[in-house]
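Structural overview for review
So the chains spell out like this:
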Amino acid sequence: MYAAVRRYEGVTDPAEAGRRVAEGFVPLLRQVPGFVAYYWVDAGDGVMVSTSVFEDEAGGEESIRRAAGFVRDNLADLLPNPPQVTAGRVVAAG
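Remember, it's a predicted structure, so these values are computed and weren't measured experimentally. (Residues numbered from 1 in each chain as written. Predicted model: local features only at pLDDT ≥ 70, side-chain atom pairs only at ≥ 80, totals over all residues. Heavy atoms only, no water.)

1. Comments concerning the packing of aromatic side chains
- The final tally for this structure, using the stated rule, is four aromatic pairs.
- Ring geometry for Phe25 against Tyr38: centres 5.5 Å apart, planes inclined by 75°, an arrangement best described as edge-to-face. In this pair, Phe25 is assigned in helix α1 (residues 14–30) and Tyr38 in strand β2 (residues 35–44), connecting sequence segments 13 residues apart.
- Both rings, one in Phe35 and one in Phe54, keep their centres 5.7 Å apart while their planes meet at 75°; by these two values the pair is edge-to-face. With a gap of 19 residues between them, Phe35 in strand β2 and Phe54 in strand β3 (residues 47–54) connect regions that are remote in the sequence.
- Members of the aromatic cluster, joined through ring pairs, are Phe25, Tyr38 and Phe70. (Phe/Tyr/Trp six-rings, centres within 6.5 Å; stacked < 30°, edge-to-face > 60°. Helix = DSSP H or I, 4+ residues; strand = E, 2+ residues; numbered from the N terminus.)

Spelled out as structure tokens, the structure:
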């Protein structure tokens, strides 16, 4: 498995960001081959974190590409700062 974690700081409206992600981005990710799971977390204080899990690196890299496009086209007004992206092979899971 492969996971991509994106941390967004300075989120101006976490509730609206969550709504847009749930309605617009999650359906896009579910179309990526190898999709396993996706989580969008409100960590408080204007920080939100997303985690995408795929069966392989190709799916994970596609999720990073789609996330960048979705943020640019649909969330730029709510996510003013570029995310910190961490991705890699899952070496343990529970």
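2. Things to note about the nonpolar core
- With 18 residues, the main nonpolar core has Trp40 and Leu75 as its most contacted residues.
- If you list the elements that add at least two residues to this core, you get α1, β2, β3 and α2 (57–75).
- In terms of residues, this core owes the most to one element, α1, which gives five residues. (Core = buried A, V, L, I, M, F, W, Y, C linked by side-chain atoms within 4.5 Å. Buried < 20%, exposed > 50% of the residue type's maximum accessible area, 1.4 Å probe, protein only.)

3. What to know about unusual backbone geometry
- Positive phi is not limited to glycine here, since Asp45 has a value of about 55°.
- By the element assignment, Asp45 lies in the loop between β2 and β3.
- Of the residues examined, Asp45 reaches a relative accessible area of 85% and is grouped as exposed.

4. A short note on the pattern of salt bridges
- In total, this model carries eight salt bridges according to the counting rule given.
- For the salt bridge of Arg19 with Glu16, the shortest nitrogen-to-oxygen distance reads 2.5 Å. With Arg19 and Glu16 both in helix α1 and three residues apart, this pair spans about one turn of that helix.
- The class of Glu16 is buried, set by a relative accessible area of 19%.
- As a salt-bridge pair, Asp73 and Arg72 come within 3.1 Å of each other at their nearest N and O atoms. Take Asp73 and Arg72: they sit in the same class, and that class is exposed.
- One connected set of salt bridges, linked through shared partners, spans Glu16, Arg19, Arg20, Glu23 and Asp77. (Salt bridge = Lys/Arg side-chain N within 4 Å of Asp/Glu carboxyl O.)

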